[in-house]
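Next come the chains, spelled out residue by residue.
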Amino acid sequence: MSHEGYDHTAVEERWQAAWAEADAYRTPDEVDDPTYVLGMYPYPSGKLHMGHVRNYTITDAYARYRRMRGDDVLHPMGWDAFGLPAENAAKERDTNPRDWTFDCIDTMRGQMRSMGFGYDWDREITTCVPEYYEWNQWLFSRFADADLVERRDAEVNWCPSCETVLADEQVEGDAELCWRCDTPVETRDLDQWFLKITEYADELLEAIDDLEGWPNSVRQMQRNWIGRQYGTTLDFAIEEHGSVEAFTTRVDTIFGATFFALAPDHPISEELAEADDAVRRFIEEEADPDGDEPNGVETGLTATNPVTGEEIPVFVADFVLSDVGTGALMAVPGHDERDHAFAEKMGVDIEPVVAPEPDDWDGEAVPDAPDVGDEPFTDDGVLVNSGAYSGLDSDTARERLTEDIESAAESTQYQLRDWGISRQRYWGTPIPVVHCDDCGPVLVPDEDLPVELPEFINTTGNPLDAAEEWKETTCPECGAQATRETDTMDTFVDSSWYFLRYVSPDLADAPFDLDRANDWMPVDQYVGGIEHAVMHLLYSRFFTKVLADEEGLEHREPFTNLLAQGMVQLDGEKMSKSKGNTVSPQRIVEEYGADTARLFMMQAAQPERDFDWSEEGVKSTHRFLARLSDLVEEYAAGDVETAGSDAVEPGDAADASDSSPDRETIDEYVAAETDAAVAIAGDEYDDLTFNVALREAQDLVGTLRSYREHAEPHPEIYERSLDVAVRLLAPVAPHLAEELWETLGRDGLVVDADWPAATADRETVERRRRLVANTREDVRDIVDVAGIDDPERIDVVVAPGWKYDALELALDSDADNLISELMQESHIRERGDAAADYGQDLQANREALRETLAGDDEFDALRAAAWLIEREFDAPVRVERAADADESVVRKAEPGRPAIDIAE
RNA sequence: GCGGGGGUGGCUGAGCCUGGCCAAAAGCGGCGGACUUAAGAUCCGCUCCUGUAGAGGUUCGAGGGUUCGAAUCCCUUCCCCCGCACCA
């Protein structure tokens, strides 16, 4: 037989063609509620990388598994095709973003096909075509109808050289340089379009609790991001400037507020800067919000504490951020780390007003004030030095103070900001707005959508600004001359609802077919990188909720189960182009085949864990597939001697008098292991723990190889087991599985085959395997320790029935004296000393006793596995019942542990 | 700092939820053997220490604890990774 492996290129191309021919992955519109399996669609950057391969292998394997289980499956793919890299690439190559993007898509689609990913390509979507992005515009209008769109001034990163806005991620280093041209980035105030995601902050936060199919890490990251905090707003009067609102979560510490601080860009700070040089100098030169050190400048003003009436100094301080709370805070150095540090530096008073709650506190007494000179006390406790509020616990004090202070009100703050979607770029969805001198910004009417992108103009700034002809239009309201909005949308808008478009990708009069979406959504299993934990996943949840409220979608969450897949690393480091430590999927496919790449990745680790790419591992996987291929080909070619037709059927156990392990017991062993593999692999595929499922499949193949080597396999059992092994591997190695399925003479495609049926109780399987493994190990130990070079015969003797009975009794019994209880059973008592000895063993190990297989089951299991021992030691093995064996040997046998006697 | 996830034998990596069958799967690497003219592939073993009949000892980051019994449960501590963060 050949050990060259198989011709993976030929096999893979052949079955890719066959699948296409058979339309194997098509999900018809008529199906009721398919299992929706989705991988995050890629940005078409040019080529697939290993991260993509892993991501899409996971979804593909799961989709194939569900299909074999009989589900209708929806498994689509598309392209996140808008984005700045296309503009840059177009400039570099002197082409345009559209052509470049479609080239990339063609390449990547081809690579996906060569990986054997089974997508319904009839549902392919591409976000950069007007047929898609017109619905971004339409949705923008619906959001506007629902009062969820706002245009306002915002501060953005601006590169003066590229003349465009940069995302935060595109500003590099502490020096804040443009990622493209290393120009220092400036901030600019621009009119920006926002989607009011904060309107949904509470629901987005609270519904996280019910996302039980999501990893905790992602759930927690979203909670942090939304950052809801309950507290109190209240006014401090600043002389000459009136009242200023501050937000605090610790109004219970207000008696210890010894100064007041304003953000450098707070309106009052800016006002002060005009008159006060020191303040101006601080704001312009010293303030360093990114530094560790809190800096500030005294304004000479005072603020009035609304409770105590005390006048406290007002500072402008750089640790106060204008976008947190109200940009102004009451500072309590006795009970806040940062305020403490600042007070020490500026020489402000530090007063303790909360004491730790004493262990034996009666709920009323006022404890001694703690020493907060060196360290603040930041926990809740009992109020001290707080007038009438002294002696209250922090919680109660917060409630009362919020009630009692006239300007105070309970207030909830969020870290989540509204979503600024304006981008001053070409390659995105034009925001469907026209600016009219008289009417202001006006939405483009639905019937005029889509607003299509004009031809790309290679220019330094925003090409849309340069598209004079395109820009000029008329106002939809008054008909006057007007100009188009030149901002395009953040590409996260595209991806916030693309999973709905797959339901009806060609629909011309709505973004998605509502009835079908109601049936098909939510996505049952979503798989993607952790880098999207917040942005994409939060925006998608937001869109889904808005669509539920405004458009009749009957689902409020888009993704039931989420898997954040781990990274593919090389030598413990993330693969990246800049480090040059990438492994090209294309090379792997050429060298070893797609099935090898897929199988290697899936068996290397749990899908959510990082793992190291290993060329050795790939080779090993490749050899495994070659061995499997050989095994099946050789059988199909009739090169395997199989037992004749007079062979005993499985389950038709050999008669008990025949105690040597015969061929038919081997058949039983193989049949049982096959059932076990099916049951376990199925459970594990369900849980997406492909690594464990595949281990079963690989072990089964190993067993079958031994079977063929050691015995003349029973034709039906052998063929069924080969058939099962092929099907267990089909979700992950689909091409070779098809090839071997055909070789075995099966009808149809394995992709359409049923998952094999088998009943096996996992616990029993594990006990059986454990018994066999332990027994083999014991034989090895004995042979080794006793220095037996060439065993002549090995006897394995199962314990007598009464010991199983005694064990059973011991397990059930709660009597103090087990022995007397056992001796009440005449069939045990009559064993005399042996019974007493065993009884004592049981008594001594009372707590550690474990249920074993029944005696007959142990006998059968050992007989079935005897061939493994024979093969290993090249000696005949007799598996005997106690009654048939020598008493001196039997004595050592216990349930779960047969006696072993080796003759030299 | 807060939150999340980890630390297992030469390496990778299961096991931990649901304690005993765990000196701890599997793969890789290493060693020995079979096959081969040889290499490769394949197959059979070994791979913490001691041991002439299945035993004993010491191990799962460290230290305590619970338990008849801990890689597994609890507490403390150290280290690594990820996310958030002068967040009022």
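Positions within a chain are numbered from 1, following the residues in the order the chain's sequence is written. Chains carry letters and ligands carry numbers; both start at the beginning, A for chains and 1 for ligands, and go up in the order they are written. Local features are withheld for residues below a pLDDT of 70 in this predicted model, meaning they are given only at 70 or higher, and side-chain atom pairs are given and counted only at 80 or more; totals for whole chains, interfaces and linings count all residues. Excluded from the side-chain calculation are hydrogens and water; included are all heavy atoms of the structure.

J.: Give a description of the overall build of chain A that names residues and reports values.
T.: Here a strand is any run of E in DSSP of at least two residues, a helix any run of H or I of at least four, and the numbering for each starts at the N terminus. Across its full length, chain A carries 31 helices and 33 strands. Whereas a compact globule of 904 residues would reach a radius of gyration of roughly 29 Å, chain A reaches 37 Å, over 25% beyond that. In terms of overall dimensions, chain A has a C-alpha envelope of 110 × 75 × 50 Å along the principal axes. For every residue, the accessible area (1.4 Å probe, protein chains only) is compared with the maximum for its type, and the residue is labelled buried under 20%, exposed over 50%, or partly exposed between those bounds. The buried share of chain A, reckoned over its 904 residues, is 54%. Within chain A, counting contacts between residues at least 6 apart in sequence, those at least 24 apart form 74% of the total. For the accessible areas, the method is Shrake-Rupley and the probe is 1.4 Å, while residue cover comes only from the protein chains on display. Total accessible area on chain A is roughly 39800 Å²; 41% of this is exposed by carbon and sulfur atoms. Residues scored as charged are limited to Lys and Arg (positive) and Asp and Glu (negative), so that His and the chain ends carry no count. By convention, the point assigned to a charge is CZ for Arg, NZ for Lys, CD for Glu and CG for Asp. Charge-centre separation for chain A: the mean point of 76 positive side chains lies 7 Å from the mean point of 204 negative side chains. Here the globule rule is a power law, 2.2 Å times the number of residues to the power 0.38, and the radius of gyration is based on C-alpha atoms. Whether two residues touch is decided by their heavy atoms; if any such pair falls within 4.5 Å, the residues are in contact.

J.: Explain the sheet that holds strand β21 (residues 433-436) to me, and be specific about the residues and the numbers.
T.: When DSSP finds at least two bridges between two strands, those strands are taken to pair. The sheet built from 4 strands is open, its strands ordered β22-β21-β24-β23 with antiparallel pairing. Each edge of the open sheet carries a strand with a single partner, namely β22 (440-443) and β23 (472-474). Here the strands of the sheet are splayed against their neighbours by 45 degrees on average, with no regard to which way each runs. Here 3 bridges tie β21 to strand β24 (residues 481-484), and the two strands are oriented antiparallel to one another. Across the sheet, Cys436 pairs through a bridge with Ala482, a residue of β24. Angles run from 0 to 180 degrees between N-to-C directions of axes, and those axes are lines fitted to C-alpha atoms, restricted for helices to the stretch in contact.

J.: Which residues make up the pattern of salt bridges, and what values do they have?
T.: Criterion for a salt bridge: a side-chain nitrogen of Lys or Arg within 4 Å of a carboxyl oxygen of Asp or Glu. Under the defined criterion, the tally for this structure stands at 57 salt bridges. Here Asp106 makes a salt bridge to Arg109, at a shortest N to O gap of 3.1 Å. Remark: Arg109 and Asp106 occur in helix α4 (residues 97-115); sequence separation between them is 3 residues, near one turn of the helix. In this structure, the salt-bridge partner of Arg280 is Glu284, at a minimum N-O distance of 3.4 Å.

J.: Quick rundown of the packing of helix α1 (residues 8-22) against helix α24 (residues 734-743)? Include the residues and the values.
T.: Remark: α1 packs on α24, axes separated minimally by 9 Å, with the N-to-C direction vectors making an angle of 85 degrees. When the interaxial angle is binned, α1 and α24 end up roughly perpendicular. On α24, the residues touching Val11, Glu12, Arg14, Trp15, Gln16 and Trp19 of α1 are Pro734, His735, Leu736, Glu738, Glu739 and Glu742. Taken together, the residues of the contact of α1 with α24 sort by class into 5 nonpolar, 2 polar and 5 charged. In what follows, roughly perpendicular refers to angles from 65 to 115 degrees, roughly parallel to angles under 35, roughly antiparallel to angles over 145, and oblique to any angle outside these ranges. Residue type decides the class: Asp, Glu, Lys and Arg count as charged, Ala, Val, Leu, Ile, Met, Phe, Trp, Tyr, Cys and Pro as nonpolar, and the leftover types, Gly among them, as polar.

J.: Outline the protein's contact with RNA strand B, listing residues and values.
T.: Throughout, near means a residue has at least one heavy atom within 4 Å of the molecule or strand. Close contacts around RNA strand B come from 54 residues, with Gln229, Leu321, Arg338, Arg770 and Arg850 the closest. Within 4 Å of the protein, the contacting atoms of RNA strand B are drawn from sugar and phosphate to the extent of 52%. Throughout this description, a polar contact denotes any pair of N or O atoms lying within 3.5 Å of each other; where both atoms belong to protein, one of them has to be capable of donating a hydrogen while the other can accept it, and for residues adjacent in sequence the pair is counted only when both atoms sit in side chains. The separation between a base nitrogen of RNA strand B and a polar main-chain atom of Ile902 is 2.6 Å. Of all the secondary structure elements, the ones that give two or more residues to the surface near RNA strand B are α7 (216-226), β11 (242-248), α20 (615-636), α22 (690-710), α25 (762-785), α30 (855-873) and β33 (899-903). Here the surface near RNA strand B gets 9 residues from one element, more than from any other, and that element is α25. Class assignment of the residues belonging to the surface near RNA strand B gives a composition of 16 nonpolar, 13 polar and 25 charged.

J.: Report on the sheet that holds strand β19 (residues 419-420), specifying residues and quantitative values.
T.: Strand order across the open sheet formed by 4 strands is β6-β5-β9-β19, with antiparallel pairing between neighbours. With partners counted over all chains shown, the strands left at the sheet margins are β6 (164-166) and β19, one partner each. Taken together, the 2 bridges between strand β9 (residues 186-195) and β19 define a ladder with antiparallel strand orientation. Across the sheet, residue Leu195 finds its bridge partner in β19, namely Trp419.

J.: So what about the packing of α20 against helix α23 (residues 715-729)? Which residues, and what values?
T.: Here α20 crosses α23 at 145 degrees, and the two axes come no closer than 11 Å. The two elements α20 and α23 meet at a crossing, and its hand is left-handed. Each of Phe624, Leu628, Leu631, Val632 and Tyr635 in α20 lies in contact with α23, whose residues at this interface are Pro715, Tyr718, Glu719, Leu722, Val726 and Leu729. In terms of residue class, the contact of α20 with α23 is made up of 10 nonpolar, no polar and 1 charged. Helix crossings are classified by the rotation of the near helix relative to the far one: an anticlockwise turn of less than a right angle makes the crossing left-handed, while a clockwise turn makes it right-handed.

J.: I'd love a proper account of the environment of Arg400, names of residues and values included.
T.: Mapped onto the elements of the fold, Arg400 is located in helix α11 (residues 394-404). When the C-alpha positions of Arg400 and Val251 are compared, they lie 9.7 Å apart, and in sequence the two are 149 residues distant. When residues no more than four places from it in sequence are discounted, the contact partners of Arg400 are Tyr389 and Leu392.

J.: Which residues make up the pairing of strand β5 (residues 149-159), and what values go with them?
T.: Successive side chains on a regular strand alternate, one facing one side of the sheet and the next facing the other. Across 10 bridges, the pairing between β5 and β9 is antiparallel. If you follow Glu155 over to β9, its bridge partner there is Asp189. Bridging between β5 and β6 involves 3 bridges; their strand directions are antiparallel. Paired with Asn157 across the bridge in β6 is Leu166. With antiparallel pairing between neighbouring strands as the criterion, β5 and β6 make up a hairpin whose turn holds 4 residues, including Glu163 at a positive phi of roughly 55 degrees.

J.: Tell me about the environment of Ile125, and please be specific about residues and values.
T.: Positionally, Ile125 belongs in strand β4 (residues 125-126). For Ile125, a relative accessible area of 4% translates into the label buried. When the C-alpha atoms of Ile125 and His827 are compared, they prove to be 76 Å apart, with 702 residues separating the residues in sequence. In this structure Ile125 touches Met77, Gly78, Trp79, Tyr132, Tyr498, Arg501, Tyr502 and Pro505, once residues within four positions along its chain are discounted.

J.: So what about α7? Which residues, and what values?
T.: Listed in full, the buried residues belonging to α7 are Val218, Arg219, Gln222 and Ile226. Take α7 and look down its axis: the buried residues cluster within an arc of 100 degrees, on one side only. Looking at the packing, one finds that the buried side of α7 touches α6 (201-206), α17 (535-551) and β27 (559-565). Phi turns positive, to about 55 degrees, at Gly227, one or two residues after α7. Note that the arc is defined by the directions from the helix axis to the C-beta atoms.

J.: Could you give an account of the nonpolar core, naming the residues involved and the relevant values?
T.: Buried Ala, Val, Leu, Ile, Met, Phe, Trp, Tyr and Cys residues form a nonpolar core when they are joined through side-chain atoms within 4.5 Å. Ranked by internal contacts, the top residues of the largest apolar core, which has 179 residues, are Tyr498, Phe542 and Trp613. Broken down by element, the residue count for this core peaks at 9 residues, all from helix α2 (residues 50-68). Tyr498 has contacts with Leu38, Gly39, Met40, Tyr41, Ile125, Tyr132, Tyr526 and His536, leaving out every residue within four places of it along the chain.

J.: Could you give an account of α25, naming the residues involved and the relevant values?
T.: The span expected for a helix works out to 1.5 Å for each residue beyond the first. Over its 24 residues, α25 extends 34 Å from the first C-alpha to the last, a length consistent with the 34 Å expected when each residue adds 1.5 Å. Residues of α25 that are buried: Val765, Arg768, Leu771, Val772, Thr775, Arg776, Val779 and Val783.

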